[in-house]
Amino acid sequence: MQLGIDIGGTKIALALGDSEGRVLADARVATAPSGDALRDLARIAGAAAELLATRGVVPHELEMVGVSLPGGVDAAGGFVRNPPNMPGWDGAPVRDVLAKALGARVALENDANAAALAEWQFGAARGTQHAVYLTMSTGVGGGLILGGRLHRGDANLGGEVGHIPVVWQGEPCACGLRGCVEAYIGGAAWAKRLARETPASSLIAQLAAREGRAPRPEHVVTAARAGDTFALHEMARFNEVHAQTLCTLAAVLAPEIFVLGTIAVAAGELCLGPVRERVRANTWPRPRSIAIVPAALGERLPLFAGLGVAAEALRTR
């Protein structure tokens, strides 16, 4: 059996799974980082021990513990760098602390790589050898499966799709550069644009006002489905940058499949149809039969993210 742990800034998801990818027991724990990573990790280890106890499993019986967490992860060294919304965690030796607390082997991956592994092993990309996973949530993340292996790249920096430049000296990006993919289709950047650009007459503004919130990408999707002119324009802009990004990746990586998460899943064919058409028309050599599909795991992704990391560690070590 394997244990998966998905660590975020507000919650932890834990899943006990078997070698077939079945979740035998799971738990979600709301948490707020204390500012002391060692204290937080002790609490996570305690939650893991409680979950194992519900199935009569002791930690040393585990084949592997897989951990998914945000920020820069040194998979070989077992520590994390600058995880967002997790004060006190920079440089935390996550692997060694959890391994000691649980008495089991532990493997780490950043959350985008872990999500890619999850969709490849248990979800939409299952059975492929070359897959690209993209998520457009607060930022734009990616994970690459090449030749049946997770591709980390030098210094574990592979898959940073959100920082491919699409407009030289374009919109400022949270990374400090300008013109990145993330600056155009990342959720946070899009929300800032909507706050500036949304007309008061647009259904987007009306939906946001009903909720007492600023306009968000999810309001764009709802309004576009209702035929709102500004929302349709915004979806077209999103799809254009999205397709341009996939064409770049297709030319370099030649994947069998693109798996698209978050906004693309919510938008469905409002996104997938135009993006497929654009990519098909603008990749060479043609014909190319790259599948472009929505992510399959949905709200269960956090449960499978850590299990995907554990399975990959067992498979490759």
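Residues numbered from 1 in each chain as written. Predicted model: local features only at pLDDT ≥ 70, side-chain atom pairs only at ≥ 80, totals over all residues. Heavy atoms only, no water.

J.: How should the environment of Ile 185 be read in this particular structure?
T.: Note that Ile 185 resides in helix 4 (residues 182-185). When its relative accessible area of 1% is taken as the criterion, Ile 185 is described as buried. In this structure, the C-alpha to C-alpha distance between Ile 185 and Pro 217, residues 32 residues apart in sequence, is 9.4 Å. Other than its neighbours up to four places away in sequence, Ile 185 contacts Met 136, Val 140, Phe 238, Val 241, His 242 and Ile 263. (Helix = DSSP H or I, 4+ residues; strand = E, 2+ residues; numbered from the N terminus. Buried < 20%, exposed > 50% of the residue type's maximum accessible area, 1.4 Å probe, protein only. Contact = heavy atoms within 4.5 Å.)

J.: Please explain the sheet that holds strand 3 (residues 23-30) as it appears in this structure.
T.: Working definition: the strands of a sheet are paired by backbone hydrogen bonds and lie parallel or antiparallel to each other. Strand order in the open sheet made by the five strands is 3-2-1-4-7, with mixed pairing throughout. A single partner strand is all that each edge strand has here, and the edge strands are strand 3 and strand 7 (106-110). The mean inter-strand angle of the sheet, taken between neighbouring strand axes irrespective of direction, is 15 degrees. Relative to strand 2 (residues 11-17), strand 1 (residues 2-7) is paired through six bridges, and the arrangement is antiparallel. Residue pairing in the sheet places Ile 7 in a bridge with Ile 12 of strand 2. Sheet contacts for helix 1 (residues 37-54): strand 1, strand 2 and strand 3; angle to strand 2, the most-contacted strand, approximately 35 degrees. (Pairing = 2+ DSSP bridges. Axes fitted to C-alpha atoms, helices over the stretch in contact; angles between N-to-C directions.)

J.: Would you take a moment to explain the pairing of strand 11 (residues 257-260) for this structure?
T.: In regular strands, side chains alternate between the two faces of the sheet. Residues Ile 257 and Val 259 of strand 11 are buried on one face, and the alternating residues Phe 258 and Leu 260, pointing to the opposite face, are buried as well. Relative to strand 11, strand 8 (residues 131-136) runs parallel, the two being bridged by four bridges. Along strand 11, the bridge assignment pairs Tyr 133 with Val 259. Two strands pair when backbone bridges link them, and strand 11 and strand 12 (residues 291-294) are joined in this way by four bridges, in the parallel orientation. Bridge pairing links Phe 258 to Ile 292 in strand 12.

J.: Would you explain helix 2 (residues 94-102) in this entry?
T.: The periodicity of an α-helix, 3.6 residues per turn, causes residues three or four positions apart to be oriented the same way. The set of residues buried in helix 2 consists of Val 94, Leu 98 and Leu 102. For helix 2, the buried positions fall inside an angular range of 35 degrees around the axis, keeping them on one side. Tucked into the core, helix 2 has its buried residues touching strand 1, helix 1, strand 4 (64-69), strand 6 (79-81) and strand 7. Phi turns positive, to about 65 degrees, at Gly 103, one or two residues after helix 2. (Arc of directions from axis to C-beta.)

J.: Would you mind showing me how to read unusual backbone geometry here?
T.: Leave glycine aside and you will find that most residues have negative phi; peptide bonds, for their part, are mostly trans. The residue Gln 169 is not glycine, and still its phi comes out positive at about 55 degrees. Relative accessible area serves as the criterion here: at 63%, Gln 169 is assigned to the exposed category. A positive phi angle is found at Ala 254, which is not glycine, with a value near 50 degrees. Within the secondary structure, Ala 254 is located in the loop between helix 8 (229-253) and strand 11. With relative accessibility at 43%, the residue Ala 254 sits in the partly exposed group.

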